[in-house]
Amino acid sequence: MAAVNLIGAVDIGGTKIAIGVVDHNGKLLARREMPTQADLGPQNAVSRINLALHDALKECGENLIGIGIGSTGPVYPMTGEIGKLDFLPGWEGFKIVRELSNAFDLPVAMENDADAAALGEVIWGAGQGAKRFLYVTISTGIGTGFVIDGKLYRGVNGSHPEMGHHIIDPSGPACSCGGSGCWESLASGPAMVQWLNDSRFTSAQEICTAAEQGHERARQAVERTGHYLGIGLANLVTLLVPDVIALGGGVMQSRHLFWEQIHTSIKKVCGYVPHQEVQIVPALLGYQAGLIGAACVWLHRYSRE
Ligand SMILES: [Zn+2]
C-alpha cells in the first residue's frame, strides 16, 4: 500500500503555537502544542516547531509533502514574512516560510490565521461546494476570510482585507487600527467584557453562561453583542452577497444566544440583495480549525493555485 501523503500544519498565535499532521482527507493525525515564547525570537520558535513536527510525525509516518502555516496577522503570504505585531516583538520581517522550507526541504506556505480557517472550512468544513464563501471568526477579535471559486480573495500585493475593522459606529470605542467603533471593538469577546465592566466576568463565555442563568446585565451584554454582530453581518451580506457565511470562534460557541438577532438584522436591512439565499451556518472545524486550516493553506497554494 502506498504511503499516505501528509501535510504539516503550524498554527501561530500570540500565546501558543500548535503543530499538527493532517492527512489528505483532512484528518488531524497528531498534535503538539507549545507556548509561543515570543521574546525568545522567531529563530528559536522555528527550532522548536522543527522538533515538535518531527516528534508528531513519529505517530503517523514520515511521508510529509509540505507544510502550511496559519499565523496571527498581519503576515505577507507572498514573501512568507511575519508582519508587525506588538505581541511578537522582533519577529517583523522574519521569513518563516523560507526557514521552515530549508529545514524540511519541502514547499511551505503561510496565510493569516482567519484566511487559513476560511480555507479549512471551504475544503473540509461548512463551506464545501460554496462558490462564494465568507468565514467569520468572533473571539478575541473578529477575523474574516473570503473564498471565491475555491480561491482566497486577496487585496493589493497579496494583502488580507480586515472586515473586522469596518466601522459600525464612528462614535464607538477607539481601536488600535486607527478607527473608532469598528465591528471588532463592538462585537468581539473583549468588547463584551469591557462593556459589562464587572470584575466577576473576565470572558465572553462567562457572560453568556450568566445571561442564560438570568443575570440581567449579562443578558444586556449578550443582546448588545447580538445587535452589533447582526449589523456587521448584514453589512457584509449587502456588500458581498455570498452563498454561505460560516460563523466560528469562541463567542460563537454560544451562537444560540445571538442567532435570532443576527437573522432579524439581516432581514431588516438587506432589502436590496437576495439575503434569503445567503446561508448563515456554524463553522464545522471547531477547535481544530487552526491546524486543519493551516494544512489547507498548503493545499490551496500548491494544489489549487
Ligand atoms: Zn479597528
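Residues numbered from 1 in each chain as written. Predicted model: local features only at pLDDT ≥ 70, side-chain atom pairs only at ≥ 80, totals over all residues. Heavy atoms only, no water.

## Some thoughts on the overall build of the chain
A tally of helices and strands in the chain yields nine helices and twelve strands. The globule rule puts the C-alpha radius of gyration for 305 residues at 19 Å, and the 19 Å found for the chain is close to it. For the chain, the spread of C-alpha atoms along the principal axes amounts to about 55 × 40 × 40 Å. In the chain, buried positions account for 55% of the 305 residues. At a minimum sequence separation of 6, the contacts of the chain that also span at least 24 residues come to 62%. (Helix = DSSP H or I, 4+ residues; strand = E, 2+ residues; numbered from the N terminus. Rg over C-alpha atoms; globule rule 2.2 N^0.38 Å. Buried < 20%, exposed > 50% of the residue type's maximum accessible area, 1.4 Å probe, protein only. Contact = heavy atoms within 4.5 Å.)

## Points about the sheet that holds strand β4 (residues 64-71)
Strand order in the open sheet formed by five strands is β3-β2-β1-β4-β7, with mixed pairing between adjacent strands. Edge positions in the sheet fall to β3 (28-35) and β7 (108-112), since each has one partner strand and no second. Neighbouring strand axes in the sheet, compared pairwise and without regard to direction, differ in orientation by 15 degrees on average. By the bridge criterion, five bridges tie β4 to β7 in an arrangement that is parallel. Its bridge partner being in β7, Ile 67 is matched across the sheet by Val 108. Of the strands in this sheet, β2 (16-23), β4 and β7 touch helix α3 (residues 113-124), which is tilted by about 105 degrees from β7. (Pairing = 2+ DSSP bridges. Axes fitted to C-alpha atoms, helices over the stretch in contact; angles between N-to-C directions.)

## Things to note about the coordination of the zinc ion
Here the zinc ion is held by the protein donor atoms His 165 (ND1), Cys 175 (SG), Cys 177 (SG) and Cys 182 (SG), which lie 2.0 to 2.3 Å from it. Coordination geometry of the zinc ion: the four donor atoms subtend angles of 99 to 128 degrees at the metal centre, consistent with an arrangement described as tetrahedral. (Donors = N, O, S within 2.8 Å, 3.2 Å for Na, K, Ca; no water. Tetrahedral: all angles 85-135°; square planar, octahedral: opposite > 155°, others 65-115°.)

## Some words on unusual backbone geometry
Even without being a glycine, Asp 149 presents a positive backbone phi close to 50 degrees. Looking at the element boundaries, Asp 149 is found in the loop between β9 (142-148) and β10 (151-152). Although it is not a glycine, Asn 197 sits at a positive phi angle of roughly 50 degrees. Within the element layout of this structure, Asn 197 appears in the loop between α5 (189-196) and α6 (204-212). Judged by relative accessible area, which is 66%, Asn 197 ranks as exposed.

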